Amino acid sequence: GSIIYSRSTGYADFENKIKADGNSKYRIGSISKTFTTVLVMKAVEQNKLALDQTIDRYFPSIKNAGKITVENLLYHRSGIHSFTSDSAYLTWNTHRKTEKEMIDIIAKGGSDFEPDTKSEYSNSNFVLLTFIVEKSFKKPYTELLKTHIALPVGLANTSLGGKINTSKNECRSYTYLETWKAASETDISIPLGAGGIVSTPVDLVKFSDALFGGKLLNSESLEKMKTVNGQYGMGLFKIPFYDKTGYGHTGGIDGFSSVFSNFSDGNVSFA
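In short, a report on the structure. Residue positions within a chain follow its written sequence, with the count starting from 1. The model is predicted, so local features are restricted to residues of pLDDT at least 70 and side-chain atom pairs to those at 80 or more, both for listing and for counting; the totals for chains, interfaces and linings are taken over all residues. Water and hydrogen atoms play no part in the side-chain values, which are based on all heavy atoms of the structure.

Each helix and strand in the chain was counted, giving nine helices and 11 strands. Its C-alpha radius of gyration of 18 Å places the chain within 12% of the 18 Å reference for a compact globule of 271 residues. C-alpha extents for the chain along the principal axes are approximately 55 × 45 × 35 Å. A burial count over the chain gives 52% of its 271 residues as buried. Put simply, of all contacts in the chain between residues at least 6 apart along the chain, 69% involve residues at least 24 apart. What sets the accessible areas is the Shrake-Rupley method with a 1.4 Å probe; for residues, cover comes only from the shown protein chains. Of the roughly 13100 Å² of accessible surface on the chain, 50% is carried by carbon and sulfur atoms. Charge counting follows a simple rule: Lys and Arg are positive, Asp and Glu are negative, and His as well as the terminal groups are ignored. Where a charge lies is defined by one atom per residue type: Lys uses NZ, Arg uses CZ, Asp uses CG and Glu uses CD. Across the chain, the centroid of the 31 positively charged side chains sits 3 Å from that of the 28 negatively charged ones. Put simply, DSSP marks the helices as runs of H or I at least four residues long and the strands as runs of E at least two long, and each gets a number from the N terminus on. As defined in this context, the radius of gyration uses C-alpha atoms, and a globule is described by 2.2 Å times the residue total to the power 0.38. Relative accessibility under 20% of the residue-type maximum defines a buried residue, over 50% an exposed one, and the middle range a partly exposed one, all with a 1.4 Å probe and only protein chains included. Here, residues are in contact when the closest pair of their heavy atoms is within 4.5 Å.

Structure representation (structure tokens):
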């Protein structure tokens, strides 16, 4: 419930020599999947959605949609090809896409294996889950994130991202080529709830404490998220630390790199 240790290093904006601080916001990549899973489980708790329902009513154009369930998407057991694995992905990832365009791209990618026969990480799964929660609640993802997670937990610096604005304490990402060069920015209309959230380490620790402290979901939903099926839990995986095992997620997008985890033996979260 309290921050024990916090440290900031480097620049939020190298060109303008703006240093990063405790409130500097970073793209957290796939840690977004944990937030999206919480929203899916909220919809389940409110009987707006069932884990065993198939996705053909939402996405009839997707191969095996009549066999793939919401649970298969959450566990990365759908077989749906991950669009970020395609070599062409980096030729269009900075351009805005509509919901229809994203569904068409995912449908065109086809299936890599028969649903629920194995685990294979796919960003496509969580882009589709973003659209499913929006349809379940009849509200945009940005609003759901704010209403159901950010406001109740007090996450002042967490939201769905946009074009990076360093004057709002948002960090750029850099690669080193003789000097620091700003990385290109994926348009947030593409990763959405699979990788589009912006946050801070402090907010992620607060989110982690709230999630594992039972303040966001009921105990049954939380246990379901932690239950590993194949390689993954739902929006979580096991993170080992010496003799201990935590639950959390990692993230990577446009050179940003992130991780959060919670260790119940000691009630400690880190990001």
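This part takes up helix H1 (residues 32–45). In a helix, the anticipated span is given by 1.5 Å times the number of residues less one. With 14 residues, H1 ought to run about 20 Å at 1.5 Å a step, and its terminal C-alpha atoms sit 20 Å apart, in line with that. Counting buried positions along H1 gives 12 out of 14 residues, so the element sits mostly inside the fold. Among all positions in H1, only Ser32, Lys33, Thr34, Phe35, Thr36, Thr37, Val38, Leu39, Val40, Met41, Lys42 and Ala43 are buried. Following H1 by one or two positions, Asn47 has its phi on the positive side, about 55°.

All right, on to the pairing of strand E10 (residues 256–263) then. Summarising burial for E10: six of the eight residues are buried, a large majority. In this sheet, E10 lies alongside strand E9 (residues 244–253) in antiparallel orientation, the contact comprising seven bridges. Note that in E10 the partner of Ile253 across the bridge is Phe256. Whether two strands pair depends on DSSP finding at least two bridges between them. Linking two consecutive strands that pair antiparallel, namely E9 and E10, is a turn of two residues; a positive phi of about 50° is found at Asp254 within it. Pairing of E10 with strand E11 (residues 268–270) involves three bridges; the strand directions are antiparallel. Directly across from Phe263, in E11, lies its bridge partner Val268. Here E10 folds back onto E11 in antiparallel fashion, the turn holding four residues, of which Gly266 has a positive phi close to 125°.

Right, let's get into the sheet that holds strand E4 (residues 159–160). Judged by pairing direction, the sheet is antiparallel, and its three strands sit side by side in the order E3-E7-E4 without closing on themselves. Sheet topology places strand E3 (26–27) and E4 at the edges, where each strand pairs with a single neighbour.

Look at H1 against helix H5 (residues 123–137): their axes get within 10 Å of each other, and the N-to-C directions meet at 40°. Handedness of the crossing formed by H1 with H5: left-handed. Contacts from Lys33, Thr36, Thr37, Leu39, Val40, Lys42 and Ala43 in H1 reach Asn123, Phe126, Leu129, Thr130, Val133, Ser136 and Phe137 in H5. Think of each axis as a best-fit line through the C-alpha atoms, taken over the contacting stretch in the case of a helix, with angles from 0 to 180 degrees between the N-to-C directions. Whether a crossing is left-handed or right-handed is set by the direction in which the near helix is turned from the far one by less than a right angle, anticlockwise for left-handed and clockwise for right-handed.

As a further point, take the sheet that holds E11. The antiparallel open sheet is built from four strands, whose spatial order is E8-E9-E10-E11. Taken across any chain shown, the strands that pair with only one partner, and hence form the sheet edges, are strand E8 (237–241) and E11. Ignoring which end each strand starts from, the neighbouring axes of this sheet average 30° apart. Note: E8 against E9, five bridges, orientation antiparallel. By the bridge assignment, Phe237 is partnered in E9 with Gly248. Seen against the sheet, helix H8 (residues 201–212) touches E9, E10 and E11 and runs at an angle of roughly 35° to E10.

Right, let's talk about H5 for a bit. For H5, built from 15 residues, the straight-helix expectation of 21 Å at 1.5 Å per residue is met to within 8% by its first-to-last C-alpha distance of 22 Å. For H5, a buried count of 13 out of 15 residues is recorded, marking the element as mostly surrounded by other parts of the structure. Backbone geometry just downstream of H5 places Lys138 in the positive-phi region, at approximately 60°.

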